[in-house]
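Residue-level structural notes
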Amino acid sequence: MIKTVIKKGSYQDSVVLMLLTNKINAMEGINKVSIMMATPANKDIFRASGLDGEELNAAGANDMAIVVDVEREDLVQAVLDETEDFLKNQASKNEGKSGRKAAKNWEQALKELPDANLAVFSIPGIYAAAEADRALDEGLHVFMFSDNVKLEDEVSLKKKAHEKGLLVMGPDCGTGIIQGVPIAFTNKVTKGNIGIVGASGTGIQELITIIDRLGEGVTNAIGTGGRDLASEVGGITMLDSINAMEQDPEVKIVIVISKPPAKEVRDKILKRLSNYKKPVVTLFLGEKPEVHTDGFYHAYTLDEAARIAVQLARGEKVTANAFTPNIADPYSKEEKKTIKAYYSGGTLASEAAMMFKDTMGLDVKSGKKEGFMLNHEGHIVVDLGDDVYTQGKPHPMIDPAKRIECMEEAADDETTGVILFDIVLGYGSHEDMAKALLPAIQSLKEKAEKDSRKLFFVTTVCGTRLDPQGYDYQKKLMEDAGVIVCESNKQAVETALFCAGYTYQEAEKEIVEAEAKEIVEVEVSQKVKALFGNKPKIINIGLQSFAEVLREFDCEVEQFDWAPAAGGDMELIQALSFLRNYTFA
């Protein structure tokens, strides 16, 4: 039986509700549960699942909708009790950490932390732009974890921030580090003299974790959001961050990474970096550079970019990293076994697809359809973090269910020779992903052995020994189960290719002499310099778990328990914003 319960005026963050949904789904007698705010977009998701009804249609954006498919009537009350306990626990966590209740509006938040200089947003994208605009008016830099923000709003916010001497990181900015303080989904890494600017989330995570495990460190890693290098935006945040890194006395080496950018923006970024005062490493995913310039290095993979930066930080000669997979009895190319790759990180999936196409000589267009980075003759690379898989559902970094389902489908395909996947550690990720995946992997390996099939499982663990999940622990769990664990995504992809009968080759790049630089002094605002040079003071608007992590790093944080104004009516919200900014004669 399907029951719908509406909790009026009970606004909760979407990630919190996903975690709650996971917990309730594990209760005995629950066939299915979906818990979301009754926003217009979420109502569409309910309808698509056949879970709409009169109660849901009448609910507003500030109302929480609980829709359950249960075996018995009494289980509905059990779900409601569990929901109330879970949300009370979430609220008490934050109050207990800070010693006071969270702010309910901007005025309260700014009164409690008047010298705040950064606002971190993890609220629905439909509302995020208006709130970010308010933050800029208050003189705050902006970190937007929120996604689904209109492109025109991103352009407007970034232009406004640039004029005010502020930064907008995002939208859809999943990862950042400022003065060693991790923001959003990121890892605990050693501080050091390498700086990163990236239009990527898991790409930055891959870089910082490799650098950390190699014994060096990162002080600042600035995420720009994936669209920053689109022609419409023009690389505003990336250029401002690159300029600030050049004048940051703690940063000696800079890495700049991006998914494929617009050509004119790429050219503008490269022109700026060709006249940079510090050694710099670039990675524009999808490009295959053949040479380095002295002081200006160009990587093909994240692994290469990280290793070059470490070599430069140590004053060592830049050389290619020789890696040969040590795999007994791989398939031959003639056996035509396929690789199925399931990623929680979009950039890691893009890198895998790029290496597959280049190594196999596949003449297929780049792109992403229904989460597929590659889908060709049985070889697939899927980004399970794509919106098509996460709308109304937990992200694969949090929940293993979708990946397990995909692995089971792959194992049932007799052409499959290799199952490749990532495990991303750090703040915000599953507390023990290796353990959660273990039963399914063991079962599938046993089934393959029973059928006299050879099935390789290959993974990369993106994390550090400082991460709460423990890199060595996660690695050992996988290795004990017979999974091949690699040091980086590049090595994991190379190993998967080798298992399927393909040989990846990495050429040694020539280092050519640089042309004379035209050094131009670039002005960097004092507000940006202050952000890069000190621990940020943060107003956290949305997900409480972000604030909890920030406090662990002795960062001053004021939690703002935001809820949509005006009942979530966007036209009315925009009118109120206009009135707030309007100066009456």
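Residues numbered from 1 in each chain as written. Predicted model: local features only at pLDDT ≥ 70, side-chain atom pairs only at ≥ 80, totals over all residues. Heavy atoms only, no water.

This part is about the packing of helix 14 (residues 401-412) against helix 15 (residues 433-450). Direction vectors running N to C along helix 14 and helix 15 enclose 15°, while the axes themselves pass 10 Å from each other. On the basis of the axis angle, helix 14 is roughly parallel to helix 15. Where helix 14 crosses over helix 15, the two elements pack in a sense that is right-handed. Residue-level inspection shows R403, I404, M407, E408, A411 and D412 of helix 14 in contact with helix 15, the latter providing M433, A436, L437, A440, I441, L444 and K447. A class-by-class count of the residues in the contact of helix 14 with helix 15 yields nine nonpolar, no polar and four charged. (Axes fitted to C-alpha atoms, helices over the stretch in contact; angles between N-to-C directions. Helix = DSSP H or I, 4+ residues; strand = E, 2+ residues; numbered from the N terminus. Parallel < 35°, antiparallel > 145°, perpendicular 65-115°, else oblique. Left-handed = near helix turned anticlockwise from the far one by under 90°. Contact = heavy atoms within 4.5 Å. Nonpolar A, V, L, I, M, F, W, Y, C, P; charged D, E, K, R; others polar.)

With that out of the way, let us pick up the sheet that holds strand 18 (residues 416-424). Strand pairs in the sheet, formed through backbone hydrogen bonds, run parallel or antiparallel to each other. Spatially, 16-17-15-18-19-20 is the arrangement adopted by the six strands of the open sheet, whose pairing is mixed. For this open sheet the edge positions go to strand 16 (372-376) and strand 20 (484-486), each flanked by a neighbour on one side alone. For this sheet the average axis-to-axis angle between neighbouring strands, irrespective of direction, equals 15°. Sheet topology places strand 18 next to strand 19 (residues 456-462); seven bridges connect them, and they run parallel. Bridge assignment links V418 to a residue of strand 19, and that residue is F456. Sheet strands touched by helix 14: strand 15 (338-343) and strand 18. Its angle to strand 18, the strand with the most contacts, is close to 165°. (Pairing = 2+ DSSP bridges.)

A few words on the UniProt feature "domain: CoA-binding" (unreviewed entry) in the protein. Following the UniProt record, the feature "domain: CoA-binding" (unreviewed entry) maps to residues 191-284 here. Between the C-alpha atoms that bound residues 191-284 the distance is 25 Å, and the span itself is 38% helix and 24% strand. (UniProt positions renumbered as here; feature names shortened; annotations may be inferred.)

What follows covers the packing of aromatic side chains. Under the criterion given, the structure shown has nine aromatic pairs. Between Y11 and W562, the aromatic rings sit 5.2 Å apart at their centres with planes inclined by 85°, giving edge-to-face as the arrangement. Residue Y11 is found in the loop between strand 1 (2-7) and helix 1 (14-25), and its partner W562 is found in the loop between strand 23 (557-560) and helix 20 (570-581); the two are separated by 551 residues along the sequence. With relative accessibility at 15%, the residue Y11 sits in the buried group. (Phe/Tyr/Trp six-rings, centres within 6.5 Å; stacked < 30°, edge-to-face > 60°. Buried < 20%, exposed > 50% of the residue type's maximum accessible area, 1.4 Å probe, protein only.)

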